[in-house]
Amino acid sequence: MQQLILGLRDGSLFALVALGLVIIHRTTGVLNFAYGHMGMFAAYITFSCYAFFGFPLLLAILTGLLFAVVLGMLTEKFLLRPIRNLSHSAMLIITLGMLMTLEGTALWIWKQDTRQLPNLISGKPLIVNLGEVFLVITRQDLLIFILTAVIVFGTFFYLKYTKVGLAVRASSQHEEAAKLMGIPVGGVYGFAWGFGTALSALAAILAAPKTYVHPNMMLNLQIQGLTAAVLGGFDSLPGAIVGGLLLGVIEQYVGEWISADLKLAVALIIIIILLLIKPSGILGKSSKRRV
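As the structure is a prediction and not an experimental result, all values here were calculated from the model.

Q: Any chance you could break down the overall build of the protein chain for me, citing the residues and the numbers?
A: Counting its regular elements, the protein chain contains 11 helices and 2 strands. Along the chain direction, N to C, the helices and strands of the protein chain fall in the order α-α-α-α-β-β-α-α-α-α-α-α-α. Its C-alpha radius of gyration of 19 Å places the protein chain within 12% of the 19 Å reference for a compact globule of 291 residues. Based on the C-alpha atoms only, the size of the protein chain along its principal axes is roughly 60 × 50 × 35 Å. The proportion of buried residues among the 291 residues of the protein chain is 47%. Put simply, of all contacts in the protein chain between residues at least 6 apart along the chain, 72% involve residues at least 24 apart. About 14,800 Å² of surface is accessible on the protein chain, with carbon and sulfur atoms providing 69% of the total. Averaged over its 20 positive side-chain charges, the protein chain has a centre that lies 11 Å from the centre of its 12 negative ones.

Q: An account of the pattern of salt bridges is requested, with residue identities and associated values reported.
A: Going through the model one piece at a time under the given rule, you end up with 6 salt bridges. The shortest N-O distance in the salt bridge between Asp10 and Arg9 comes to 3.1 Å. Asp10 gets classed as buried once you look at its relative accessible area, which sits at 12%. With a relative accessible area of 14%, Arg9 lands in the buried category. Here Arg81 ties to Glu76 by a salt bridge, and the two come within 2.6 Å at their closest N and O atoms.

Q: Any details on the environment of Tyr212? Residues and values, ideally.
A: Within the fold, Tyr212 resides in the loop between helix H8 (185-211) and helix H9 (219-232). The class of Tyr212 is partly exposed, set by a relative accessible area of 36%. Remark: the alpha-carbon pair of Tyr212 and Pro118, spanning 94 residues in sequence, is separated by 9.5 Å. Those residues within four positions of Tyr212 in sequence are excluded, and the remaining contacts are Thr114, Arg115, Gln116, Ala207 and Met217.

Q: Explain the pairing of strand E2 (residues 134-137) to me, and be specific about the residues and the numbers.
A: Burial along E2 is one-sided: the face carrying Leu135 and Ile137 is buried and the face carrying Phe134 and Val136 is not. In terms of strand pairing, strand E1 (residues 126-129) meets E2 through 4 bridges, oriented antiparallel. Across the sheet, residue Leu126 finds its bridge partner in E2, namely Ile137. Hairpin remark: E1 followed by E2, antiparallel, with 4 residues in the connecting loop; positive phi at Gly131, about 85 degrees.

Q: Describe the side chain of Arg115, listing the residues and the values that go with them.
A: Mapped onto the elements, Arg115 comes out in the loop between helix H4 (88-110) and E1. Here Arg115 is buried and forms no salt bridge, its nearest opposite-charge partner Asp113 lying at an N-O distance of 4.6 Å. Within the local environment of Arg115, its side chain forms a polar contact with the backbone oxygen of Trp110, the two atoms lying 2.8 Å apart. Those residues in contact with Arg115, other than ones at most four positions away along the chain, are Tyr44, Phe47, Phe52, Trp110, Tyr212 and Val213.

Q: Which residues make up H4, and what values do they have?
A: In this model H4 runs 33 Å from its N-terminal to its C-terminal C-alpha over 23 residues, within 8% of the 33 Å that 1.5 Å per residue would give. Among the residues of H4, those classed as buried are Met91, Thr95, Met98, Leu99, Leu102, Ala106 and Trp110. Along its buried surface, H4 packs onto helix H2 (35-51), helix H3 (57-80) and H8. Looking one or two residues beyond H4, the residue adopting positive phi is Lys111, at roughly 65 degrees.

Each value, and the rule that gives it
Residues numbered from 1 in each chain as written. Predicted model: local features only at pLDDT ≥ 70, side-chain atom pairs only at ≥ 80, totals over all residues. Heavy atoms only, no water. Helix = DSSP H or I, 4+ residues; strand = E, 2+ residues; numbered from the N terminus. Rg over C-alpha atoms; globule rule 2.2 N^0.38 Å. Buried < 20%, exposed > 50% of the residue type's maximum accessible area, 1.4 Å probe, protein only. Contact = heavy atoms within 4.5 Å. Areas by Shrake-Rupley, 256 points an atom, 1.4 Å probe, with all protein chains shown as cover. Lys, Arg positive; Asp, Glu negative; His and termini not counted. Charge placed at Lys NZ, Arg CZ, Asp CG, Glu CD. Salt bridge = Lys/Arg side-chain N within 4 Å of Asp/Glu carboxyl O. Pairing = 2+ DSSP bridges. Polar contact = N/O pair within 3.5 Å; in protein donor to acceptor, adjacent residues only side chain to side chain. Expected span 1.5 Å × (residues − 1).

The structure is reproduced here in structure tokens:
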């Protein structure tokens, strides 16, 4: 049970990363290879505001999240939108260029030294007595669970019951039809990139007390988020959540029963096996094309 709790904690972070990746990909059709590094850079902004400029922790976090939103929207508007109708491969290369640019800039500004953000919430851990078994849940882990649940349900509600959500779903289904209906598709794409990047930043900030802040802090999380998205189905938002939680539990038990060094390898093996057996993922829908 304790390993299950730890697996769900890690899985919640995987789910946040996967959700952001799926929202961007499903709305704009672009797989953002710089996704993790955009969150990393926002975590550095948060750290700088907190440690160097003396911001209260909550204000520093809000500043980092706002920076992530602006970064995502500017990337879509000025780097991807001008070539959207020219080459899909070029857009992927631009995200790779963003990855290297953000990593190099972080090394230039903050060097290779690791930095640490404090837990968002501190205090004695919660101990649940289950008879012969005691479960220990830290307050930071509990915060991760609650934030993930609120964001997941809030996202689903927003996309399903608001006009902006309707515009996002319409644009993701058919860009030209959405334009003919008067939907500002460019603004919708900017919203998707801004919101998705903010989820990456939030995952980085939540993981920072454990992983520290450094230029490659989100590399593993991006791989695991991508694995979770493939596992659940890359065209399914609920699939991203299910895939993230399931992957977190699987990795935790692999690390406990086999070897902690095999956690990342398991993620890659799952991608390979799933692509061979069911490419659409657990909750994804198979697409049929007329030849």
